[in-house]
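Listed below, chain by chain, are the residues.
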Amino acid sequence: MLNHIHQWTRPLKRFPLKSLTLTTPLSSLTLTKPSASASASASASASAADTDPADTYDPAASLEILKCLKSKDLYSSSLCLKTFVDRLNSVQVDEVIGDLGVEDPELAIELFYLLKNEHGFRHSRVCSFVVAHVLAGKRRLMELRSFLRELVEQEGSGSAPSLCELLGNRFRVWESNGLVWDMFAFVYSRSEMVHDALFVLAKMKDLNIRASILTYNSLLFNLRHTNIMLDVYEEIKASGAPQSEYTTSILVDGLCRQSLFQEAVAFHQETERKGSMPSVASFNTLISRFCEVGYIDVAKSFFCMMFKYGLLPDAYSYNILIHGLCVVGSMEEALEFMDDMENHGVEPDVVTYNILAKGFHLLGMMCGAWEIIRHMLHKGLNLEIVIYTILMCGHCQTGDIEKVFELREEMLSQGFQLNDICYSVLLSSLCKKGRISEALSLLHEMESIGLKPDLVTYSILIHGLCKQGEVQHAIQLYNKMHSKRVFPNSFTHGAILWGLSEKGTLSEARTFFDVLTKSGLIKDIVLYNIMIYRYAKLGKIGEAVQLYKQIFESRITPSIVTFNSLIYGFCKSRKLAEARTWLDTISTHGLVPTAVTYTTLMNALCEEGNIRGMLEVLSEMETRAIKPTNVTYTVVVKGLCKQHRLQESLHLLDSMHAKGISPDEFTYNTIIHCFCKAQDMRKAFQLHSEMLLHNLQPGPVTYNVLINGLCVNRDLTEADRYFSFLQDQNIRLTKPAYTTLIKAHCAKGDASKADALFRQMVEKGFEISIRDYSAMINRLSRRKLTPNVKVFLRMMLSDGISLDQEICLVILNAFRGVGDLNSEFELLAVTIKHGLFPD
């Protein structure tokens, strides 16, 4: 060692990595535990080959370095090396560590890390492989794996050929060489550099070095999506490496992932025929993959087969199958398997309960989710944040926002910190209820505890603000989002655009749309569809068509929604011939019209009274196998009723039921209204009963139509009786039900009954406006019921509703008509005082 240090010269320029490994003849590194003298001689030769003759060497300094190293005092060595490290070159360090690797392996490792960590020295590949062999020789395998992984990640993908050349040429006769090769292939595989790993394996085969099953398993795992996996498996069999349970499991998993299910089962059976006992891991793989593709019955068969082989399924086995059953909605069977799990001594874990709770939540069965949670608590298991999140989502879907916030408080009391998902659920709940200010406060709370709102969070709030008409506030939040470098997507832009077009002005929306277009932020048809629909709704069909042309200039493909909006716009503008042309255009773009497309055109034809044309479109729709919806049939019913073809409308109603299409309330209301107009109240009430028979609860509109029908048909007594019956049944009636009866009693001259109904309406909490009072006073005035007029006038003023000129003139004329001059002059004075008397 001393001789080597005396031969060092002053540092040379560092060789490039490739030059060092190919040209530096470090023969001492290719010997199996060579003698110190042989190592010194080889290192001297290598150093001499790389030494610049102009360089000089300080023997005293070298002796001092060696003395420091041999003292094994790393602190002293570090101070010593700090003085001379700038004079060391890579070749000299390779020689020293190479010799130490033979004479004092521990010191070699320590010097390697000392130079690297303390002095920032960049070691060569050769030096790294010396240390790797030393670690392998000492069976420090975890350290060896970490060391080689760092080397491989530093060298990067495609580095295997040059590293293999160095390893094969310089280290072939080292005793630990086979272990280094094997670990080398393993770390390439674990680093997902599969091609490099395969290259290393090929070289190992040439050198008759056998890879371990751990290395083969790692490669199999990375290649399980490809057919190369089978080639690697054949190599395993040829090598004679003992296979593990994990090997079989990986192969079965890979075959299933490649949709080779029959081959996977055949391989599983072949393993059995060869006398190898199938493993729980292999069965779990089959059960998992068959559950993923929805073959639950096959998965259950494999599950039961485990017992046949005397294998006891573990918690993972049960959880896989329970999850598969939950996904297909078989919750009852999933619960049975949880019971079976307990019967076989396998305790359900938190994962089991999470799976079941999520399954009930996805089916909207929150009672079932709560039952699972109670079971958990009974078992002494603590609720996890996953369970709380599932419950919050479930209550959010059902609109029970108070329960959502109760869960939030419970989570905080249990020491849980709410995550982004929980806050998103809370924000969504508040926005759905229109409680935007509370949602914004929650956003501030989220930021105050260090959580960063993401795109989902901001989008929920922006959408909620736009829905409430607070578009400017939404734009402020949109700008804040940008400043936080959270970039909006099509959904966010769509919310702003919808808000501007719905709550703002169309010109503002168009300005925003044009800015997005010029910025290249419109990547799909969604935003175009919003603008086209808004133009169509306002009857600005020319602007809508212009935007449609712009779509093609932007190389964006229109959707069926685009054409539906254009057809709607032409129908609204009563340009039905053009609408029909657009219907024919749809197929040229490879699109298929929907029920909405045809129904829109049919409704326009119905409004025009062109019932024949409407029925022709219906026939075309059915010919093209496009199934009409209940809205489609409602349009047809409305058209038939317009032509008083009531029996045909009833037949159509029966046809809907026969086709499994449930008429909705609007469909029935349309027919009921027509029978009321036709003075056939008996049939109208029969249809009402039919609604109940089909589990369709009539709404306020249905009751208003029936009450109005009775009043129009001069059956006021029956209308009162029916109104009282509905009240006794606690059926919610709307304001028109009251005003219809009030109007009818006023027309009949029954002021006391009208007054009683009006007071009931006030007591029910309906908002009473000056229009309601004006209508009542007008009717009473026409009947010259002035005492009742005075009563309503006092009620109106006590409610804080001011007089207007029209109502004053009506009352004055009523007083004059009955000769009530005192009341006339008194009201006239009030009228003049408030400036309501006409000039």
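Just so you know, these numbers come straight off a predicted model, no measurement behind them.

## Structural notes on the environment of Trp370
Point 1. Along the chain, the position of Trp370 falls in helix α22 (residues 366–378).
Point 2. With relative accessibility at 22%, the residue Trp370 sits in the partly exposed group.
Point 3. Residues Trp370 and Leu391 lie 21 residues apart in sequence; the distance between their C-alpha atoms is 8.1 Å.

## Description of the side chain of Asn177
Point 1. Its location among the elements puts Asn177 in helix α11 (residues 177–190).
Point 2. In this structure the side chain of Asn177 is engaged in a polar contact, spanning 3.0 Å, whose partner is the backbone oxygen of Phe171.
Point 3. Asn177 has contacts with His133, Leu167, Phe171, Arg172 and Ile209, leaving out every residue within four places of it along the chain.

## Section: the packing of aromatic side chains
Point 1. For the structure shown, the criterion picks out 22 aromatic pairs.
Point 2. Aromatic side chains Phe303 and Phe307 sit 5.9 Å apart centroid to centroid with 70° between the ring planes, which places their arrangement in the edge-to-face category. Taken together, the residues Phe303 and Phe307, both in helix α18 (residues 296–308) and 4 residues apart, mark about one turn of the helix.
Point 3. Among the residues examined, Phe307 registers a relative accessible area of 31% and is labelled partly exposed.
Point 4. Ring plane angle 70° and centroid distance 4.9 Å describe the contact between Phe303 and Tyr318, whose orientation is recorded as edge-to-face. Of this pair, Phe303 sits in helix α18 while Tyr318 sits in helix α19 (residues 315–327), placing them 15 residues apart in sequence.
Point 5. Residue classification places Phe303 among the buried positions, given a relative accessible area of 2%.
Point 6. Looking at Tyr318, the relative accessible area reads 0%, which means it is buried.
Point 7. An aromatic cluster is present here, built from Phe129, Phe171, Trp174, Phe184 and Tyr188 joined pairwise through their rings.

## Quick word on helix α8 (residues 125–137)
Point 1. The terminal C-alpha atoms of α8 lie 18 Å apart, and with 13 residues this matches the ideal 18 Å at 1.5 Å per residue to within 8%.
Point 2. Those residues of α8 lying buried are Arg125, Val126, Cys127, Ser128, Phe129, Val130, Val131, Ala132, His133, Val134, Leu135 and Ala136.
Point 3. Two residues or fewer after α8 comes Arg139, characterised by a positive phi angle close to 55°.

## Some points on the side chain of Thr667
Point 1. Summarising the element assignment, Thr667 is placed in helix α39 (residues 665–677).
Point 2. Here the side chain of Thr667 touches Thr634 through a polar contact of 2.4 Å, side chain to side chain.
Point 3. Once residues lying within four places of it in the same chain are set aside, the contact partners of Thr667 are Asn630, Thr634, Val637, Leu653 and Met656.

## Overview of unusual backbone geometry
Point 1. Despite not being glycine, Arg555 shows a phi value in the positive range, around 60°.
Point 2. Here Arg555 shows up in the loop between α32 (541–553) and α33 (560–572).

## Description of a nonpolar patch on the surface
Point 1. On the surface, Val293, Tyr295 and Val298 cluster together into a nonpolar patch covering about 250 Å² of accessible area.
Point 2. Along the chain, the position of Val293 falls in the loop between α17 (280–292) and α18.

Reading the values: the criteria
Residue numbers run consecutively from 1 along every chain, following the written order of its sequence. Totals for whole chains, interfaces and linings use all residues, but because this is a predicted model, local features are given only for residues with pLDDT of at least 70 and pairs of side-chain atoms are given and counted only at 80 or more. With hydrogens and water set aside, each side-chain value is computed from the structure's full complement of heavy atoms. Note on conventions: DSSP H or I runs of at least 4 residues are helices, E runs of at least 2 residues are strands, and numbering of each starts at the N terminus. Accessibility here uses a 1.4 Å probe with only protein chains present; expressed as a share of the type maximum, an area under 20% marks a residue as buried, one over 50% as exposed, and anything in between as partly exposed. Polar contact is the term for a pair of N or O atoms within 3.5 Å; when the atoms are in protein, one must be able to donate a hydrogen and the other to accept it, and sequence-neighboring residues count only if both atoms are side-chain atoms. Residue contacts follow a heavy-atom distance rule, with two residues in contact if any of their heavy atoms lie within 4.5 Å. Each Phe, Tyr or Trp ring (for Trp, its six-membered ring) is paired with any other whose centre lies within 6.5 Å, and the angle between the two planes then decides the class: stacked below 30 degrees, edge-to-face above 60, tilted in between. A helix is expected to span 1.5 Å multiplied by its residue count minus one. For patches, a residue must show more than 30% relative accessible area and have no salt bridge; joins then use 9 Å for like charges and 5 Å for nonpolar side chains, namely Val, Leu, Ile, Met, Phe, Trp and Tyr. Only the protein chains shown count as covering a residue, and every accessible area follows the Shrake-Rupley method with a 1.4 Å probe. Salt bridge, as used here: a side-chain nitrogen of Lys or Arg that lies within 4 Å of a carboxyl oxygen of Asp or Glu.

Interpretation note: all reported values are geometric properties and have no functional meaning in isolation.
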